[in-house]
Amino acid sequence: MAKSLAHEFFKGFWEEVPPFRLVLGLCPVLGVTTKIQFGIGMGLATTFVLVCSNILISMLRNLIPSKVRIACFIIIVATFVTVVELMMQAFTYGLFKQLGVFIPLIVVNCIVLGRAEAFASKNNVIMSTADGLGIGMGYTLALAALGSVRELLGAGTLTVWGDPILNLSSIFPGFQPFKFMIQAPGAFVGLGLLLCVMNMVGKK
Amino acid sequence: MTSKKELQTAYCLAAILLVLGLLSYAAFPAKTPDPPVRMMFQGVAGKVLFDHKLHFTGTEIGLACTDCHHHHEEDADRFRACGDCHLTADAEMPPQACLDCHDESEIDAEELPKRTDAFHQQCGGCHEEYGAGPGTSACSSCHVM
Amino acid sequence: MSKQNKYIVSHAPFWHDGSGIRERSYHTILAALPAVLMGLFQYGVPAVGVVSVAVGTAILWEWAMNKAMKRPLTIGDGNAALIGLIFAMLIPATTPWWAVAVGTLIAIGIGKQIFGGIGGNPFNPVVVSLSILIVSWGHLVDFDTALVSYDFAFNPSYPLGVLKYFGVAAIDDFSYLGLLLGQQAGGIGATFGLGLILGGIYLILKGCVRWEIPVAFLAGVFISALIFNIVDPSRYASPFFHLLTGYTLIGAFFLAPEDSSSPVNPIPMLIYGAGGGVMTVLIRNIGVFVDGVLLAVLLMNLINPLLDKIRPKALGKVG
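Structure report, in brief. A quick note: this is a predicted structure, and the numbers were derived from the prediction, not measured.

Calculation criteria
Residues numbered from 1 in each chain as written. Chains lettered and ligands numbered in written order. Predicted model: local features only at pLDDT ≥ 70, side-chain atom pairs only at ≥ 80, totals over all residues. Heavy atoms only, no water. Contact = heavy atoms within 4.5 Å. Buried area = accessible area lost by both parts, 1.4 Å probe. Salt bridge = Lys/Arg side-chain N within 4 Å of Asp/Glu carboxyl O. Polar contact = N/O pair within 3.5 Å; in protein donor to acceptor, adjacent residues only side chain to side chain. Helix = DSSP H or I, 4+ residues; strand = E, 2+ residues; numbered from the N terminus. Nonpolar A, V, L, I, M, F, W, Y, C, P; charged D, E, K, R; others polar. Core = buried A, V, L, I, M, F, W, Y, C linked by side-chain atoms within 4.5 Å. Buried < 20%, exposed > 50% of the residue type's maximum accessible area, 1.4 Å probe, protein only.

Here's the deal with the interface of chain B and chain C
Counting residues at the interface gives 31 residues for chain B and 34 residues for chain C. Buried surface at the junction of chain B and chain C, both sides included, amounts to about 2700 Å², of which 66% is carbon and sulfur. Interface area lost by chain B to chain C is led by Leu18, Tyr25 and Arg38 of chain B, which between them contribute 24%. In this structure, arginine 22 of chain C engages glutamate 6 of chain B in a salt bridge whose closest nitrogen and oxygen atoms are separated by 3.6 Å. Joining chain B to chain C, the criterion identifies 7 residue pairs in polar contact (both at pLDDT 80 or more). Contributions of two or more residues to the side of chain B that touches chain C are made by helix H1 (4-27), strand S1 (39-41) and strand S2 (47-50) of chain B. If you tally residues by element for the side of chain B that touches chain C, the top one is H1 of chain B, at 12 residues. For the side of chain B that touches chain C, the per-class residue count stands at 18 nonpolar, 7 polar and 6 charged.

Focus on the nonpolar core
If you look at the biggest cluster of nonpolar residues, it comprises 99 residues, and the most contacted ones within it are Met89, Tyr247 and Phe254 of chain C. Among the elements that take part in this core, helix H3 (residues 79-90) of chain C stands out by supplying 10 residues, more than any other. When near neighbours in sequence (up to four residues on either side) are disregarded, tyrosine 247 of chain C contacts Leu90, Leu130, Phe143, Ala190, Arg284, Asp291, Val293 and Leu294 of chain C. Judged by nonpolar contacts, the second largest core, of 40 residues, contains Val17, Val49, Ile64 and Ile106 of chain A.

Regarding the interface of chain A and chain C
The interface of chain A with chain C comprises 10 residues on the first partner and 12 residues on the second. For the chain A and chain C pair, buried surface summed over both sides reaches about 880 Å², with 66% attributable to carbon and sulfur atoms. It is Gln176, Phe178 and Phe180 of chain A that lose the most area in chain A upon contact with chain C, and together they represent 54% of the buried surface on that side. The interface formed by chain A and chain C contains 0 salt bridges. Seen at the junction of chain A and chain C, the total is 5 residue pairs in polar contact (both at pLDDT 80 or more). Among the residues forming the side of chain A that touches chain C, the class breakdown is 6 nonpolar, 3 polar and 1 charged.

Here it is as structure tokens:
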């Protein structure tokens, strides 16, 4: 079972990219991806929690009694979520306001707990770091991909930190935003279509 | 499962209809007739449907064009739409329609009513004067969400 | 259930009468034609454009989806053309071509092919598509806004809009006969009540649609609207007005009885139709939406699998 460090890192980008391949952590995927920058912000916050909690859990994996391990994991994860929450309030208050309740909800994100249970509690610190970083980056990319599709179709723009990098209505003058995509049902349809595309590409 | 003949029918149907559709859209591009029949004004308080034609053909109303179009009164071909000069509050002043003929120094942008005020005065004022139709008291008698 | 009709089956060989999906589709299209032709007559060339683009792109999308999913081509069975036609019947004649094309893409792609093609869709594809379009581009499919340039000989406002925003007193202008004969603003093929009723009867006689669903739907609309009307005639319109305006008739005959999203047993069909009718009136009279048929049909589609659990016990099954 000993796989290379690189494999543990890169599997998060395609083979096990969380929302699409594992179909985990869907709550923020559907909830915050109305804009690409929310997706990136959410993804980075989750990555931070994932990496830190993976490291700590991996270090403590021999000390945690297996009967109460979930409770211990939750405490560790919650600690880092609090850290992220306070840091975001301090440095990126605007983004924090936009993401709202989804930041505290990282505690119960299946990916964080899932990686702790399935990987960090069984592997050494370096492997766990690579795993957390890879999965986290994959998660960020997935959120950004869904966010960009939804923002592009639903609002006609792509905005990253206040700078519009793409504006559809300037390319196609008659473009009218397809508002369905930035609403909740549009998130499900967009996620489903992205999954479908990934499966089609993956099959070949 | 599908026979060749059925497929060919479907291909032909699709091709003919696409061409027909293309021709119909190309031949009759969406344009408002002159003078317009009805107009839909979109506003933050809801849209307002204005029956333009009814106001100058309706037997009980029968307004003259110049009763409302107060610019270029002498020349019926050059009537301006209300919104050409009465811009919304956040639009750039002075209006381009005025600058086409006038110099910027001639226009007193402060005196020119904004679109919302102009419409409320024009519609509501006239309706109250003649006691006809909805007055200015109830928003929902004109505005529709 | 002991008085069921018993068919006498003779010995083999049997003879297939040649009917199939293709025949069903073309019968339904034929049934829709009176209403569509009336719409084309009323709205002129732009309506021809909308109907042509809708049917043409629907077939095109079906072909493209078949190719992309590496499945046998199903455009020959006429179901795609039917979806395109019914979609065109519901929208105003001035809808831009790209909105029509996106609408049929949603109907064929997300409404039907995603679920595996004909017979697999849990919702009526046309209703799904139009609901998404209303959410996204409400102003394009708003009849009062879309039809401003048409100089009608009758009251040009969308009747249900008038009822919703200006109350019962404002709908005196509409005569029931005029509404039945299509003298109202609305979708290309959704206004000519007489044509829709004739088409519906044709479909029922041909066996493409079972009578239970449309009759129960209309009865549901009528009875619930009648109750509202009796309770407070100054606030709620008469049941005949509800029957003849909006999407009621096209909903009863063409939207609700769609093949795979409606029940197959008699009692579920009656409940399904009546539920749709009652929901329609509830949404129109109490809800915020002007017309409730689309949402009512979607809602009934949703509980359709549950309804179909009401069925006779299988032969020989114990307990």
